[in-house]
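These are the residues of each chain, in order.
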Amino acid sequence: MPTRPRLILATRNAHKTEEIRHILGDRLEVLDVTSFPDLPEIEETGSTFLENARLKALGISRRIKGWVLADDSGLEVDALGGAPGVWSSSYGGEEGNHTKNNERLMQEMTEKAERSARFRCTLVLAKEGVEKAVFTGTVEGLVAESPSGNGGFGYDPLFIPEGHTATMADLGAEVKSTLSHRARAIRAFVVEVEGGFINL
Ligand code: IMP
């Protein structure tokens, strides 16, 4: 079997890695930065998804050989002026604590009639410290009144995608991989690769 092109994800979030692997299937060999223990933590000091994805993609690709893809993503809630947005992962006060994040979101949304929201994903592809391409994906939906479901991660138990009545966490991995913000951004990347515009 011919060797597959290798893609290194600039993330330590096992859920993101698993979802991206699942969407890509066996086209590419997908690793993440947990396979490179000497790499430093990249600080996400940007104020947009694009700035943060760029920081991660360039910061990691300067230090290792090969193609690097960074995902920066989050939930934007209209009734909260777009919060938690780029601060999605620390909204509850503690980086990466999904339970606290969901508790704060529920609290902020108490008695809010307007519940529209969207997940956004920005991907930056880089090689040897040079940005090669940007891909984005969005999924519109509503913030649920209370959490439901065990699938996915993060705000999935509180997000009902457009066209559905169950949360992303209820819908599960197969459905999520067809309609999520991340799936849409990854498919845009795949179109470029399969079209020969990106030569991995
Ligand atoms: P990042 O690692 O800085 O991109 O932060 C991403 C944060 O956004 C996660 O910690 C989650 O809180 C939220 N998020 C991003 N994608 C998803 C998703 O697919 N489902 C649920 N929450 C997500």
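Student: Could you clarify how one ought to interpret the nonpolar core in this entry?
Tutor: One broad trend across soluble globular proteins is that nonpolar side chains are buried collectively. Among the nonpolar cores identified, the biggest contains 20 residues, and Leu7, Leu24, Leu125, Ile186 and Phe189 are the most heavily contacted of them. Put simply, the parts of the chain that give this core at least two residues each are strand S1 (6-9), helix H1 (14-24), strand S3 (67-77), strand S4 (116-127), strand S5 (130-143) and helix H5 (181-194). It is H5 that provides the largest number of residues to this core, a total of five residues. Once residues within four sequence positions are removed from consideration, leucine 125 is found in contact with Leu7, Trp67, Val68, Leu69, Val130, Glu131, Lys132, Ala133, Phe135, Phe189 and Ile198. Tyr91, Met109, Val139 and Met168 belong to the second-largest nonpolar core, a separate cluster that totals 17 residues.

Student: I tried to follow the site of the ligand on my own but got confused; where do I start?
Tutor: Near the ligand lie 18 residues; those nearest to it are Lys16, Glu44, Asp156, Lys176 and Arg182. Note that an oxygen atom of the ligand is positioned 3.0 Å from one of the backbone N or O atoms of serine 73. One of the side-chain N or O atoms of aspartate 156 is found 2.8 Å from a nitrogen atom in the ligand. Burial of the ligand by the protein chains amounts to 95% of its free accessible area of 490 Å². Among the detected pockets, the ligand sits in the largest pocket.

Student: Please clarify how the environment of serine 148 should be interpreted in this entry.
Tutor: Here serine 148 shows up in the loop between S5 and strand S6 (159-161). Its relative accessible area of 29% is what places serine 148 among the partly exposed residues. Separated by 25 residues in the primary sequence, serine 148 and alanine 173 place their C-alpha atoms 14 Å from one another. For serine 148, the residues in contact, after removing those within four places along its chain, are Pro157, Thr167, Ala169 and Asp170. Separated by 2.8 Å, the side chains of serine 148 and aspartate 170 make a polar contact.

Criteria and thresholds
- Residues numbered from 1 in each chain as written.
- Predicted model: local features only at pLDDT ≥ 70, side-chain atom pairs only at ≥ 80, totals over all residues.
- Heavy atoms only, no water.
- Core = buried A, V, L, I, M, F, W, Y, C linked by side-chain atoms within 4.5 Å.
- Buried < 20%, exposed > 50% of the residue type's maximum accessible area, 1.4 Å probe, protein only.
- Helix = DSSP H or I, 4+ residues; strand = E, 2+ residues; numbered from the N terminus.
- Contact = heavy atoms within 4.5 Å.
- Near = heavy atom within 4 Å.
- Polar contact = N/O pair within 3.5 Å; in protein donor to acceptor, adjacent residues only side chain to side chain.
- Areas by Shrake-Rupley, 256 points an atom, 1.4 Å probe, with all protein chains shown as cover.
- 1 Å grid on protein atoms, 1.4 Å probe; cavity = no way out; pocket = protein on both sides within 12 Å on 5 of 7 lines; lining within 4 Å.
- Sits in = over half its atoms within 2 Å of the grid points.

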